[in-house]
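# Coordinate inspection notes
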Amino acid sequence: MMDSGIYAFFTIGYVILLLMGFYRANQTGLFTLGNLLVFVTMGLVYDNGVIAIGKWIGSGSFLEKLSFYRFLFHALFTPMLVLFSYYVIRESGVRWAKSKSAKRSFIAFTVLLIVLEIVTETKDVKLKVEEKFGALRYVNAESGGPPLMVLITIIPLLAAGFYILKRQHWIWMLAGAAIMTAGSAIPLELNSTAVTNAFELILLISLWATKFYLDQKQRGVEV
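How each quantity is defined
Per-chain numbering applies: the sequence of each chain, read as written, is numbered from 1 onward. Whole-chain, interface and lining totals are the exception, using all residues; otherwise, since this is a predicted model, local features are given only for residues with pLDDT of at least 70 and side-chain atom pairs are given and counted only at 80 or more. Side-chain numbers here rest on the full set of heavy atoms in the structure, without hydrogens or water. Only runs of H or I of at least four residues qualify as helices and only runs of E of at least two qualify as strands under DSSP, and these elements are numbered from the N terminus. When we talk radius of gyration, it's over C-alpha atoms, and the globule rule is simply 2.2 Å times the number of residues to the 0.38. Here the term buried applies to any residue with accessible area under 20% of the maximum for its type, exposed to any over 50%, and partly exposed to those in between, with areas from a 1.4 Å probe on protein chains only. Here, two residues are considered to be in contact whenever any of their heavy atoms come within 4.5 Å of each other. Note that accessible areas follow from Shrake-Rupley with a 1.4 Å probe, and for residues the cover is restricted to the protein chains shown. Each residue after the first adds 1.5 Å to the expected span of a helix. What makes two strands pair is DSSP finding at least two bridges between them. For Phe, Tyr and Trp, rings pair up if their centres lie within 6.5 Å, where Trp contributes its six-membered ring, and each pair is then called stacked (planes under 30 degrees apart), edge-to-face (over 60) or tilted (otherwise). To obtain an axis, a line is fitted to C-alpha atoms, over the contacting stretch when the element is a helix, and the angle between two such axes runs from 0 to 180 degrees between their N-to-C directions. Each angle receives one of four descriptions, namely roughly parallel if under 35 degrees, roughly antiparallel if over 145, roughly perpendicular if within 65 to 115, and oblique otherwise. A clockwise turn of the near helix away from the far one marks a right-handed crossing, whereas an anticlockwise turn of less than a right angle marks a left-handed crossing. Basically, the charged four are Asp, Glu, Lys and Arg, the nonpolar ten are Ala, Val, Leu, Ile, Met, Phe, Trp, Tyr, Cys and Pro, and anything else, Gly included, counts as polar. Counting of polar contacts relies on pairs of N or O atoms within 3.5 Å, with two restrictions inside protein: one atom must be capable of donating a hydrogen and the other of accepting it, and residues adjacent in sequence are counted only when both atoms are side-chain atoms. Buried Ala, Val, Leu, Ile, Met, Phe, Trp, Tyr and Cys residues form a nonpolar core when they are joined through side-chain atoms within 4.5 Å.

## Brief notes about the overall build of the protein chain
Helices and strands together make up the secondary structure of the protein chain, namely eight helices and two strands. Overall, the protein chain shows an N-to-C arrangement of helices and strands of α-α-α-α-α-β-β-α-α-α. Against the compact-globule benchmark of 17 Å for 223 residues, the protein chain has a radius of gyration of 18 Å, which places it among compact chains. Once the C-alpha set of the protein chain is aligned to its principal axes, its extents read approximately 50 × 35 × 35 Å. Evaluated residue by residue, the protein chain yields a buried proportion of 47% over its 223 residues. Within the protein chain, contacts between residues separated by at least 24 positions form 72% of all contacts whose residues are at least 6 apart in sequence. When the accessible surface of the protein chain is summed, it comes to about 11500 Å², and 66% of that surface belongs to carbon and sulfur atoms.

Written out as C-alpha cells, the structure is:
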C-alpha cells in the first residue's frame, strides 16, 4: 500500500477516536482536562488527512498553506498532552497532584511548550515539497529530527503511565508511551514515511483507552 493510503487509514482511525471522544465529552464537558485529547486528536485528523490527499491536490501554494496549519496545530495541540498527563496522575490518586500549585505548574509548563514550539519551529518555518512512497507533502526544510517540544512532552506521558500502573494496575498508557518513545528513537529502514505516525496512533489509542477507563472508575463501574 502506498503511503497516501496508509495516511488515509490513520485518518479514519483518528476520526473514529474523535467521534468517540465527542460522544463522551457531551457527557462530561468538552473543556475539561481529560477531554483535551479531543483537540490533540483533531490536530492529528488534520495532519494525516492533508498528507493523505496531498498527491491529489498537487504541489503549490494551496497545499503549502494547508501544510503550514499542520505545523501550527501541532504546536498548539500536542503540548496539551502535558495537561492530560497531569489529569491522569491526579485521577490515579497521587496526593501532590491534587494541589492547586501542581495544576498551575502543569498549565504554565504547557503554555511554555506552546510558545517554545511556535517561536522556534512554526513562526518562521520554511517548507519544501517532498514526494516519497506515493505521498506528496510539504515538510520542514530545516528539520533535524523530532522537535524539542515532542521530546519533552513524552516525559510526563511516561510518568503518568507509571503512576496509573502503580496505583491502579492499568498498563496501557505506559505501554503506548513506551512504544511511541521507542519508535521515535530507533531508526527503522522501511519503504514508508508513515512509521512514526503509526506509533502516534498507537499512543492515542492507549490515551483514549485510559480516558475511558478513568471515566468508568469515576462512575464507580468495575472495569
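## A look at helix α3 (residues 61–77)
The terminal C-alpha atoms of α3 lie 24 Å apart, and with 17 residues this matches the ideal 24 Å at 1.5 Å per residue to within 8%. Residues of α3 that are buried include every one of L63, L66, S67, R70, F71, A75 and F77, and no others. Those residues of α3 that are buried lie in contact with α2 (37–57), α4 (80–91), α5 (100–122), β1 (127–132), β2 (135–140) and α6 (148–168).

## Considering the pairing of β1
Sheet analysis places β1 next to β2, joined by six bridges and oriented antiparallel. Counterpart to E131 in the pairing with β2 is L136. In textbook terms, the turn of a hairpin is the stretch between consecutive antiparallel strands, and for β1 and β2 this stretch comprises two residues, one of which, F133, has a positive phi near 50°.

## What to know about the packing of aromatic side chains
For the coordinates displayed, the defined rule picks out 14 aromatic pairs. Residues F68 and Y69 carry aromatic rings whose centres are separated by 5.6 Å and whose planes lie at 75° to one another, so their mutual orientation is edge-to-face. With relative accessibility at 28%, the residue F68 sits in the partly exposed group. Classification of Y69 as partly exposed rests on a relative accessible area of 35%.

## Some details on the packing of α6 against helix α7 (residues 172–185)
Between α6 and α7, whose axes approach to 7 Å, the crossing angle comes to 150°. Between α6 and α7, the angle is such that the two are roughly antiparallel. The chirality of how α6 crosses α7 is left-handed. Across the interface between the two elements, I154, L157, L158, A160, G161, F162, I164 and L165 from α6 touch M173, L174, A177, A178, M180 and T181 from α7. For the contact of α6 with α7, the residue count by class is 12 nonpolar, two polar and no charged.

## Structural notes on the side chain of K211
In this fold, K211 is placed in helix α8 (residues 195–218). In this structure K211 comes out as buried when scored by relative accessible area, which is 2%. Among the polar contacts listed, one links the side chain of K211 to the side chain of D215, at a separation of 2.7 Å.

## Describing the nonpolar core
Core analysis: the biggest nonpolar cluster contains 51 residues, and Y14, V88, L157, M173, L204 and L207 have the highest contact counts within it. Broken down by secondary-structure element, the contributors of at least two residues to this core are α1 (3–28), α2, α4, α5, α6, α7 and α8. Looking at this core element by element, the count peaks at 10 residues for α8. Non-local contacts of M173, meaning those with residues more than four positions away in its chain, are made with F84, S85, V88, L157, A160, G161, I164, S206, L207 and T210. In this structure, L66, F71, L127 and L136 belong to the second largest nonpolar core, which totals eight residues.

## Concerning unusual backbone geometry
A negative phi holds for most residues other than glycine; trans holds for most peptide bonds. Unlike most non-glycine residues, F133 shows phi in positive territory, near 50°. With respect to the secondary-structure elements, F133 resides in the loop between β1 and β2.

## A closer look at the packing of α4 against α6
Following both chains from N to C, one finds α4 and α6 inclined at 15°, their axes separated by 9 Å at the closest point. Regarding the angle of α4 to α6, the classification is roughly parallel. Crossing of α4 over α6 shows left-handed handedness. Contacts between α4 and α6 involve L81, V82, S85, V88, I89 and E91 from the former and T153, P156, L157, A160, Y163, I164 and Q168 from the latter.

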